[in-house]
Amino acid sequence: MIGMETRIECIFFSEFHPTLGPKITYQVPEDYISRELFDTVQVYIITKPELQNKLITVTAMGKKLIGCPVCIEHKKYSRNALLFNLGLVCDAQANTCALEPLVKKLSGYLTTLELESSFISNEESKQKLLSIMSTLLENLNATGACTLPIDDSNTINLKLIELRKDPPIVQEYDVPVFTECKEFFIKSQWDLTTQQILPYIDGFRHIQKISAEADVELNLVRIAVQNLLYYGAVTLVSIYQYSNVYCTTPKVQNLIDDKSIQEECLGYVTKQGQKRASLRDVFQLYCGLSPGTTVRDLCARYSQQLQRVDERRLIQFGLMKCLIRRLQKYPVKVIRDERSRLPRLYTGCHSYDEICCKTGISYQELDERLENDPNIVICWK
């Protein structure tokens, strides 16, 4: 289904008439494009040769029109050329990037139909365009897809492809976790590298550990997980440890206000084989997370509430839904000392997670090393 931000308000067919010049022959809904609007933009609808067969988006009078003007040259046509354009109209504020491939594809379909059967130049067959446009408008807005047979050998197949943002760069200390139940994941649809690492994605192994256990080169794992991120199959959380410190975000209120989040959360965090956890206990546990309180402290303080709650999945769900965030430790060397083994990592820009992954030392060892160095302070952020 097309979102409101990209909803198609009108589909039009314009052509160059030998005596009348550029005109709109059909539009759905009828009379949606006013004469004034068409007069304003007609030079971008039926264009000069320099702009033909190119995607053109023009905004005027609160509307955004997307088209791909076509010119088919042949002596059988009046003036030796057939000029036409099947375009879409949206609100001026709409993001129409996802619609552009559809317009380009539609111009290709009509060009093929004209070359094969004179579909556009024959007045009788051209009248079929009105019903075609009506079906396109209805189906694309309703489902984002349309399959429409034109004749025995031609069928229009269109599908709106969602444009996604580029995913963040995956680091070796990131932990991928599936956004949906892993059992629903169709393994055969993915490349061989992804299939090889899938058994190791459990929401707790970080990228470097997945690489080592799956015996797949680190950069290949990062690329595969980045691809999963792009399609929304996984999201990234930080490494889980009982020494971690978390705090709630304003979104924790969603747990009270949104019934669907409540159901998803309680189903996710309840221990296997236990009676369903209560919302009161889960919310109390989240609110118990604060600066200076480690997960170990939380477990000791709320042992009764944790009888039915898996604390690891509690943290995991909170991070996935942005109900909580991790407070990371960043060491800063206040006095420059080139003899230090890791001066480049003690700038305040590298977290404990990153330093431990890059150096192979444990959190405890890093803590002991930095506590004994008077020139290093720890920044929490």
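Here the structure is shown first, and the text comes after it.
Definitions and cut-offs
Residues numbered from 1 in each chain as written. Predicted model: local features only at pLDDT ≥ 70, side-chain atom pairs only at ≥ 80, totals over all residues. Heavy atoms only, no water. Helix = DSSP H or I, 4+ residues; strand = E, 2+ residues; numbered from the N terminus. Rg over C-alpha atoms; globule rule 2.2 N^0.38 Å. Buried < 20%, exposed > 50% of the residue type's maximum accessible area, 1.4 Å probe, protein only. Contact = heavy atoms within 4.5 Å. Areas by Shrake-Rupley, 256 points an atom, 1.4 Å probe, with all protein chains shown as cover. Lys, Arg positive; Asp, Glu negative; His and termini not counted. Charge placed at Lys NZ, Arg CZ, Asp CG, Glu CD. Expected span 1.5 Å × (residues − 1). Phe/Tyr/Trp six-rings, centres within 6.5 Å; stacked < 30°, edge-to-face > 60°. Lys NZ or Arg CZ within 6 Å of the ring centre and 35° of its normal. Salt bridge = Lys/Arg side-chain N within 4 Å of Asp/Glu carboxyl O.

A. Focus on the overall build of the chain. Across its full length, the chain carries 14 helices and 14 strands. Taking 21 Å as the expected radius of gyration for a compact globule of 381 residues, we find that the chain reaches 30 Å, considerably beyond that expectation. Based on the C-alpha atoms only, the size of the chain along its principal axes is roughly 90 × 55 × 40 Å. Within the chain, the proportion of its 381 residues that are buried is 47%. Once local pairs closer than 6 in sequence are excluded, the contacts in the chain between residues at least 24 apart make up 63%. About 20,800 Å² of surface is accessible on the chain, with carbon and sulfur atoms providing 50% of the total. Counting 45 positive and 46 negative side-chain charges, the chain places the averaged centre of each group 4 Å from the other.

B. Highlighting helix 2 (residues 100-117). Over its 18 residues, helix 2 runs 26 Å from end to end, which matches the ideal 26 Å to within 8%, given 1.5 Å per residue. Those residues of helix 2 hidden inside the fold are in contact with strand 1 (10-17), strand 4 (63-67), strand 5 (70-73), strand 6 (81-91), helix 4 (128-143) and strand 8 (155-159). Immediately downstream of helix 2, the backbone of S118 shows phi near 55°, a positive value.

C. Inspection of the packing of aromatic side chains at higher detail. Tallied over the full model, the rule gives 8 aromatic pairs. On the numbers, 5.9 Å between centres and 75° between planes, the contact of W190 with Y231 is edge-to-face. Taken as a pair, W190 in the loop between strand 9 (175-178) and helix 5 (192-197) and Y231 in the loop between helix 7 (218-230) and strand 10 (234-237) lie far apart in primary sequence, 41 residues in all. Take W190: its relative accessible area is 17%, and that puts it in the buried class. Members of the aromatic cluster, each reached through a chain of ring pairs, are F13, Y26 and F84. Positioned over the ring face of F204 is R312, at 3.8 Å from the centre of the ring. Its end group placed over the ring of Y330, K381 keeps NZ or CZ at 4.6 Å from the ring centre.

D. The arrangement of the environment of K251 in detail. In this fold, K251 is placed in the loop between strand 11 (245-248) and helix 8 (254-257). Its relative accessible area of 44% is what places K251 among the partly exposed residues. Once the C-alpha coordinates of K251 and T135 are considered, the two residues, 116 residues apart in sequence, prove to be 42 Å apart.

E. Spotlight on the pattern of salt bridges. Evaluation of the coordinates by the stated rule reveals 14 salt bridges. Between E264 and K321 there is a salt bridge, with the nearest N and O atoms lying 3.3 Å from each other. Placement of E264 in helix 9 (residues 259-269) and of K321 in the loop between helix 12 (311-320) and strand 12 (324-327) is noted, with a sequence separation of 57 residues between them. With a relative accessible area of 36%, E264 lands in the partly exposed category. The closest approach of N and O atoms between D367 and K329, which form a salt bridge, is 3.0 Å.

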